[in-house]
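Residue-level listing of the chains:
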Amino acid sequence: MRIDRTLELVRQGYPWARRFRGTADAAPTRLLGREAVVVGGPAGVRRFYDPRLRRQGSLPAPIKLLLFGPGTVHGLDDAEHHHRKAMYLDLLTEDAVAALGERAEREWERVVRHWAERDHVVLFDEAVRVLAASVFPWAGVPVAPEDLPRRARQLTAVLDGFAVPGPAYARAVLARLRLGRWARRLVRGTRAGRIRPEPGTALHAAATARDHDGRLLPERVAATAVLNVVRPTVAVAWFVAFAGRALHEHPEWRHRIAEGDEGPALAAFAQEVRRFYPFVPVLPARARERQDVLGVPVPRGGLVVLDVYGTLHDATRWPSPDRFDPSRFLTGDVDPDALVPQGGGEVRTGHRCPGESVTLTMITVAVRALARLPFTVPPQDLGFDLSRVLTRPRSGVVLRLRHARS
């Protein structure tokens, strides 16, 4: 029997699968007490999204329920998954995402004006507030101005602690319980007519959604659907913090964007932030039946684990993969099976995240605002711990405004 590597994964975080798999497309192991195979690279991505695998039962319950919630679309398969995912696809149209981006632009402009009154700001904290203030009204979620910081902190606590044993996990659980109660009240109020979100918003769509058999979604499942729109948007704060770090460390790109190259250069910078900096370490699936996975036999119920971080730093697809270089996105088409920071496969028919366009839009809006800003970065710890999921710069990226009082 193979050695179970679960503790190694927990302790090592992002680099574990890359180290374990090496350059192979697939490497057998044991995780969570089950036979497993770790796959990566474009071939591994394609195999991971094969219909012979399923998502139901693949995530450990302590992570699934805390991060995604009960009845989440992330744990569904086949017709039920397609039916539920259609709601998110209908919400995240090109026009709707553009409208969210416009809200975020206005929020960044408002926040930056207030920065002039301060000596310094912590970019991560500011990004959390901007993203929450943008997504709540866009999603039809009524949040009083005085309550917004509390809800933003709760969403951040869930994201910050869902995979970290100890006090951070306890804080995440408490925050998730409070968010769940709040979201259920929103759904209940919408169904009773006390809350009237605009049609086409996330709250309205979730409260009126029906399952594959035509029944109204249970209240807690509808609440989960609402949170699974606002939570991933706030999660972009992790990318924004890394983007601020990258603008500081690569001033040539900051100047290029600030001086008006807001087309290909800005888009390339946002994509490289998603590729280079760690976000999702791995993704799990389960074998529906005994099968061969890229040369590795996997029993029914065995785990197939996609090495997301390693795929994004695969030297066979990304030359000098551990170097931040947005220019790699200025030439040729991007292989969707190599760029998988939010999963792979097809968006409409598979499990690729439907909110990918939201993430790119939110990063782009933030980078545009920051590149134009006359800030400096004082001495601080901009490093990040690859063993911690989710990771981000330890300092949060402290910015000092050049026109601020000394």
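See above for the structure.
Residues numbered from 1 in each chain as written. Predicted model: local features only at pLDDT ≥ 70, side-chain atom pairs only at ≥ 80, totals over all residues. Heavy atoms only, no water.

Undergrad: I would appreciate a short explanation of unusual backbone geometry in the present structure.
TA: Leave glycine aside and you will find that most residues have negative phi; peptide bonds, for their part, are mostly trans. Of note, the bond from Val389 into Leu390 is cis; its omega dihedral lies within 30 degrees of zero at -5°. Its location among the elements puts Leu390 in the loop between β9 (375-376) and β10 (398-401). At Asp78, a position not held by glycine, the phi torsion is positive, near 60°. Following the sequence through the fold, Asp78 ends up in helix α5 (residues 78-91). (Helix = DSSP H or I, 4+ residues; strand = E, 2+ residues; numbered from the N terminus.)

Undergrad: Mind showing me how you'd approach the nonpolar core here?
TA: Where a protein is soluble and globular, its nonpolar side chains tend to be buried together. Trp108, Trp115, Phe136, Val141, Phe269 and Leu399 are the most contacted members of the largest nonpolar core, which totals 100 residues. For this core, the leading source of residues is helix α11 (residues 219-249), giving 20 residues. Non-local contacts of Phe269, meaning those with residues more than four positions away in its chain, are made with Ala243, Ala246, Leu247, Trp253, Ile257, Phe324, Pro326 and Val367. Among the nonpolar cores identified, the runner-up in size contains 22 residues, and Val37, Val304, Trp318 and Leu339 belong to it. (Core = buried A, V, L, I, M, F, W, Y, C linked by side-chain atoms within 4.5 Å. Buried < 20%, exposed > 50% of the residue type's maximum accessible area, 1.4 Å probe, protein only. Contact = heavy atoms within 4.5 Å.)

Undergrad: Sorry if this is basic, but what is going on with the side chain of Asp337 here?
TA: If you trace the backbone, Asp337 turns up in the loop between α14 (308-312) and α15 (356-371). Since its relative accessible area comes to 16%, Asp337 is described here as buried. Looking at Asp337, its side chain comes within polar contact range of the side chain of Arg46, at 3.3 Å. When sequence neighbours within four positions are dropped, the list of residues in contact with Asp337 reads Gly41, Pro42, Val45, Arg46 and Thr311. (Polar contact = N/O pair within 3.5 Å; in protein donor to acceptor, adjacent residues only side chain to side chain.)

Undergrad: I keep staring at the pairing of strand β1 (residues 26-31) and nothing clicks. Help me out?
TA: When a strand is regular, its side chains alternate between the sheet's two faces. Counting buried positions along β1 gives five out of six residues, so the element sits mostly inside the fold. Of the pairings in the sheet, the one linking β1 to strand β2 (residues 34-39) comprises six bridges and is antiparallel in character. By the bridge assignment, Arg30 is partnered in β2 with Glu35. Once β1 ends, the chain turns through two residues before running back antiparallel as β2, passing Leu32 with a positive phi of about 55°. (Pairing = 2+ DSSP bridges.)

Undergrad: Can you help me understand the packing of aromatic side chains in this one?
TA: Any two aromatic rings considered together are summarised by their centre-to-centre distance and by the angle between their planes. For the structure on display, the rule yields 15 aromatic pairs. Centre to centre, the rings of Phe48 and Tyr49 are 4.9 Å apart; their planes meet at 85°, and the pair counts as edge-to-face. Take Phe48: its relative accessible area is 1%, and that puts it in the buried class. Classification of Tyr49 by relative accessible area gives buried; the value is 17%. Ring geometry for Phe239 versus Phe279: centroids 4.7 Å apart, planes at 25°, classification stacked. Of this pair, Phe239 sits in helix α11 while Phe279 sits in the loop between α13 (264-276) and β5 (282-287), and the two are 40 residues apart along the sequence. The exposure classification of Phe239 matches that of Phe279, with both residues buried. For the cation-ring pair, Arg254 lies above Phe375, with the distance from its terminal atom to the ring centre recorded as 3.8 Å. One residue, Arg392, lies across the ring of Phe124, its end atom 3.8 Å from the ring centre. (Phe/Tyr/Trp six-rings, centres within 6.5 Å; stacked < 30°, edge-to-face > 60°. Lys NZ or Arg CZ within 6 Å of the ring centre and 35° of its normal.)

Undergrad: I tried to follow helix α7 (residues 123-138) on my own but got confused; where do I start?
TA: Because an α-helix packs 3.6 residues into every turn, residues spaced three or four apart end up facing the same way. Compared with an ideal rise of 1.5 Å per residue, which puts 16 residues at 22 Å, α7 spans 22 Å between its outermost C-alpha atoms and is within 8% of the ideal. Extensive coverage of α7 is indicated by the burial of 13 of its 16 residues. Looking one or two residues beyond α7, the residue adopting positive phi is Gly140, at roughly 80°. (Expected span 1.5 Å × (residues − 1).)

Interpretation in functional terms is not warranted from these geometric data alone.
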